[in-house]
Amino acid sequence: MTRTVNILDLGARCLGEKALELVRELKRSQDGNLPPYNEDGIRQVVEEMRALFEQNQLEVRATTDGERGLLSGIQLRHACLERNQRCLLAYVHHRMTRIRDYRWQTGSVLPPSFRLSLCEQEIQWFTHYNRSLATYMRSIAPTGLDLTQHLQPPKSLLVEVRCLEDYGEFEMEDGTVVLLHKNTQHYLPRSQCEPLIRQGVLEHIH
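Nothing here was measured: the structure is a model prediction, and the numbers come from that model.

Turning next to the overall build of the protein. In terms of helices and strands, the protein carries 6 helices and 5 strands. Each helix and strand of the protein, placed in order from N terminus to C terminus, yields the pattern α-α-α-α-α-β-β-β-β-α-β. Against the globule reference of 17 Å for 206 residues, the protein gives a C-alpha radius of gyration of 26 Å, more extended than a compact globule. Counting only C-alpha atoms, the protein reaches 85 × 40 × 30 Å along its principal axes. Evaluated residue by residue, the protein yields a buried proportion of 33% over its 206 residues.

The structure is reproduced here in structure tokens:
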């Protein structure tokens, strides 16, 4: 006869709690910051899922051999497996969406502070996405088209901005050089200063 293992023997915490904590972790970071990839949390959830699956395999075989009273435990573990899977997929998908949005908002280079929050696979995904986006934008017109310049329809060609740091010389497309010192204000072409606005060098004066 197969010994039935209490599904709570996997740990003192409730089943699925670690997977739910991954989702809560992302919810707490809705201020724009991406928390570091929780490799340890992912590993614990996967280990829990493996234990649930292996126990279900044992009890399914025992049920097939005629043992009774195991079906409710099998169904509960299966529900826990599906719930953990949904939480893991939500965690990965949400992070990929935030990384993708970061590319559109700040540009093709990951700053060190943001890069430290990513795992190696996420950095590789960002690199491939960046390459695909660049290839597509070059193919739109004979000279290419930067789709990331105007995330919102512009109301004017020039925009008043304030410099938030000592940036130094900023050369515009016509060759004009503007010195960007902290707290100075300028009227600049929107299409050329938007990348600096997204990077936090400049702020739009409304």
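Resuming the write-up.
Here the focus is the domain arrangement of the protein. One can read the domain layout of the protein as domain 1 (2-139) and domain 2 (158-204). If you average the C-alpha positions of domain 1 and of domain 2, the two centres end up 41 Å apart.

UniProt records the feature "domain: GINS subunit" (unreviewed entry) at residues 73-140, using the numbering of this structure. Taken end to end, residues 73-140 comprises 87% helix and 0% strand; its first and last C-alpha atoms sit 56 Å apart.

When the UniProt feature table is mapped to this numbering, "domain: DNA replication complex GINS protein PSF1 C-terminal" (unreviewed entry) covers residues 155-205. Helix makes up 20% of residues 155-205 and strand makes up 43%, while its end C-alpha atoms are separated by 14 Å.

With that settled, the discussion passes to a negative patch on the surface. On the surface, a cluster of negative charge is made up of E169, E171, E173 and D174. Mapped onto the fold, D174 is located in the loop between β2 (168-171) and β3 (177-180). Given a relative accessible area of 61%, D174 falls into the exposed group.

So, on to the nonpolar core. Among the nonpolar cores identified, the biggest contains 13 residues, and L22, I42, V45, M49, L52, L88 and Y91 are the most heavily contacted of them. Those elements giving two or more residues to this core turn out to be α1 (17-27), α2 (39-64) and α3 (71-106). Look past the residues within four positions of V45 in its chain and what remains in contact with it is K18, A19, L22, N84 and L88. Listed in part, the 12 residues of the second largest apolar core include F170, V178, L196 and L202.

Moving on, we get to the side chain of N84. Within the element layout of this structure, N84 appears in helix α3. Assessed through its relative accessible area of 0%, N84 is described here as buried. Excluding residues within four positions of it along the chain, N84 makes contact with G16, A19, V45, E48 and M49.

The next thing to look at is a nonpolar patch on the surface. The grouping of Y136, I140 and L145 at the surface amounts to a nonpolar patch, some 290 Å² of accessible area in total. Its place among the elements puts L145 in the loop between α5 (120-140) and β1 (158-163). Judged by its relative accessible area of 43%, L145 falls in the partly exposed class.

With that settled, the discussion passes to the state of the cysteines. Note on terminology: a disulfide is the covalent bond linking the sulfur atoms of two cysteines. Inspection of the entire model under this criterion finds 0 disulfides. No disulfide involves C87; its sulfur sits 11 Å from that of C80, the nearest cysteine. Since its relative accessible area comes to 10%, C87 is described here as buried.

Reading guide: rules and limits
- Residues numbered from 1 in each chain as written.
- Predicted model: local features only at pLDDT ≥ 70, side-chain atom pairs only at ≥ 80, totals over all residues.
- Heavy atoms only, no water.
- Helix = DSSP H or I, 4+ residues; strand = E, 2+ residues; numbered from the N terminus.
- Rg over C-alpha atoms; globule rule 2.2 N^0.38 Å.
- Buried < 20%, exposed > 50% of the residue type's maximum accessible area, 1.4 Å probe, protein only.
- Domains from an automatic or database assignment.
- UniProt positions renumbered as here; feature names shortened; annotations may be inferred.
- Patch = residues over 30% accessible without salt bridge, like charges linked within 9 Å, V, L, I, M, F, W, Y side chains within 5 Å.
- Areas by Shrake-Rupley, 256 points an atom, 1.4 Å probe, with all protein chains shown as cover.
- Salt bridge = Lys/Arg side-chain N within 4 Å of Asp/Glu carboxyl O.
- Lys, Arg positive; Asp, Glu negative; His and termini not counted.
- Charge placed at Lys NZ, Arg CZ, Asp CG, Glu CD.
- Core = buried A, V, L, I, M, F, W, Y, C linked by side-chain atoms within 4.5 Å.
- Contact = heavy atoms within 4.5 Å.
- Disulfide = S-S within 2.5 Å.

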